[in-house]
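Each chain is listed here by its residues.
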Amino acid sequence: MRIGIMGGTFDPIHFGHLIAAERVRDELPLDYVWFMPAAEPPHKHSRTVADPIHRLRMVEKAVVDHPKFCVSKLEFERQGTSYTAETMSILQKRYPEHEFYFIVGADMVHDLPNWYRIQQLIQDVQFVGLNRPGYGRPELPDAIAKRVRYVSMPSIGITSTDIRRKRAAGKSVRYLVPEGVREYMEANRLYET
Ligand code: ATP
Ligand code: MG
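Residues numbered from 1 in each chain as written. Chains lettered and ligands numbered in written order. Predicted model: local features only at pLDDT ≥ 70, side-chain atom pairs only at ≥ 80, totals over all residues. Heavy atoms only, no water.

Filter applied, for reference: UniProt positions are given in the numbering used here, feature names are shortened, and annotations may be inferred rather than shown by experiment.
As named in an unreviewed UniProt entry, the protein is Probable nicotinate-nucleotide adenylyltransferase, taken from Novibacillus thermophilus. The Pathway (unreviewed entry) comment attached to the protein in UniProt states, word for word, "Cofactor biosynthesis; NAD(+) biosynthesis; deamido-NAD(+) from nicotinate D-ribonucleotide: step 1/1." According to its UniProt record, the protein has this under Function (unreviewed entry): "Catalyzes the reversible adenylation of nicotinate mononucleotide (NaMN) to nicotinic acid adenine dinucleotide (NaAD)."

Have a look at this one:
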C-alpha cells in the first residue's frame, strides 16, 4: 500500500494540515495517511510545547471521521527527539510491503537540507511538498530535489502559532480547527495563557 506520513507538532492540529493531507491522498493517490505527532520535535526546542497527550488527543479528534486518515503513535513510543530519519527507518523495517510518502509544507521543504541524516532519509521515503503562504519553491541539492514532488492546495494561511496566540488573547478559533479540536481546547483550557 501507499502510505502518506503527515508529521508535525500539531500544537494544535488545524485545517491547513487536514487540507494538505487530503490533497496529497487524493492526488497521488494514497491508500492511507498516518498522522504522526512528534513527541519531542527537533524544530521546537526554543519554546514550550503543549503536553504530548493533548496534542495526540486533538489529532485523534481531527481525523476520526475520515476513513483513510489515522494516527500513528510511533514517535510517542520512543525516547528523545523525534527524528524523521529514525522514524522512517523503523517504519521501513516494520512494513517492508508499504511505500511511504512524507508530506511537508513549503516551510519544511526549505529546511530539508538541514534535516538529520537527510541522505539516508531520501533513500527511505519520497517527499511530497505543498505550497504554504510566505514560502516559494526552494532550490534544493539535486539528490534531494529528485525525491520531492509537489502537489498544490488552496493557499491556507492558518498556523498553529496564530491559533495559540488567538487563544491566549481570548479570540475565536472557530473554522480554523475542527469543532472537536476547538471543544477539546476549551475543555482543557489549552493555550489560554
Ligand atoms: P507552528 O506555527 O507551531 O510551527 P504549524 O502550523 O507550522 O505550527 P506544524 O505542526 O509545525 O504546524 O506543521 C506540520 C506540517 O504541516 C509541516 O510540514 C508544515 O509545513 C505543514 N503545514 C502546517 N500548516 C500548513 C498550511 N497552512 N499549509 C500547508 N502546510 C502546512
Ligand atoms: Mg510549523
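Next comes the rest of the account.
1. Observations concerning the overall build of the protein
Inclusion rule: Segments assigned H or I by DSSP are reported as helices when at least four residues long, segments assigned E as strands when at least two residues long, and all are numbered from the N terminus. The globule rule used for comparison is 2.2 Å times the number of residues to the exponent 0.38, while the radius of gyration itself is calculated over C-alpha atoms. The cut-offs for exposure are 20% and 50% of the maximum accessible area for each residue type, with area from a 1.4 Å probe on protein chains only; residues under the lower value are buried, those over the upper are exposed, and the others partly exposed. Note on areas: these come from Shrake-Rupley sampling with a 1.4 Å probe, and a residue is covered only by the protein chains present in the view.
Of the regular secondary structure elements, the protein holds nine helices and six strands. For the protein, whose C-alpha radius of gyration is 16 Å, the value lies close to the compact-globule estimate of 16 Å for 193 residues. For the protein, the C-alpha atoms occupy an extent of roughly 45 × 35 × 35 Å along the three principal directions. Across the 193 residues that make up the protein, the buried fraction comes to 46%. In the form shown here, the protein has an accessible surface area of approximately 9800 Å², with 48% of it arising from carbon and sulfur atoms.

2. Looking at the packing of helix H2 (residues 52–63) against helix H9 (residues 179–187)
What counts here: Fitting a line to C-alpha atoms yields each axis, with helices limited to the stretch in contact; the angle taken between N-to-C directions then spans 0 to 180 degrees. Each angle receives one of four descriptions, namely roughly parallel if under 35 degrees, roughly antiparallel if over 145, roughly perpendicular if within 65 to 115, and oblique otherwise. For any helix crossing, the convention is left-handed if the near helix is rotated counterclockwise from the far helix by under a right angle, and right-handed if that rotation is clockwise. Here, two residues are considered to be in contact whenever any of their heavy atoms come within 4.5 Å of each other.
The N-to-C vectors of H2 and H9 enclose an angle of 150°; their axes lie 8 Å apart at closest approach. Between H2 and H9, the interaxial angle falls into the category roughly antiparallel. For the pair H2 and H9, the crossing hand works out as right-handed. Here H2 contributes Ile53, His54, Arg57, Met58, Lys61 and Ala62 to the contact with H9, which in turn contributes Gly180, Val181, Tyr184 and Met185.

3. Concerning the sheet that holds strand S5 (residues 126–130)
Threshold: Pairing between two strands is assigned when DSSP locates at least 2 bridges connecting them.
The strand order S3-S2-S1-S4-S5-S6 describes an open sheet built from six strands, whose pairing is parallel. Lying at the two open borders of the sheet, with one neighbouring strand each, are strand S3 (69–71) and strand S6 (148–151). Each strand of the sheet is rotated relative to its neighbour by a mean of 30°, with strand direction disregarded. Here H2 sits on the sheet in contact with strand S2 (32–37) and S3, set at roughly 160° to S3. Those strands touched by helix H4 (residues 84–94) are strand S1 (2–8), S2 and strand S4 (99–105), and its axis lies near 155° from that of S4.

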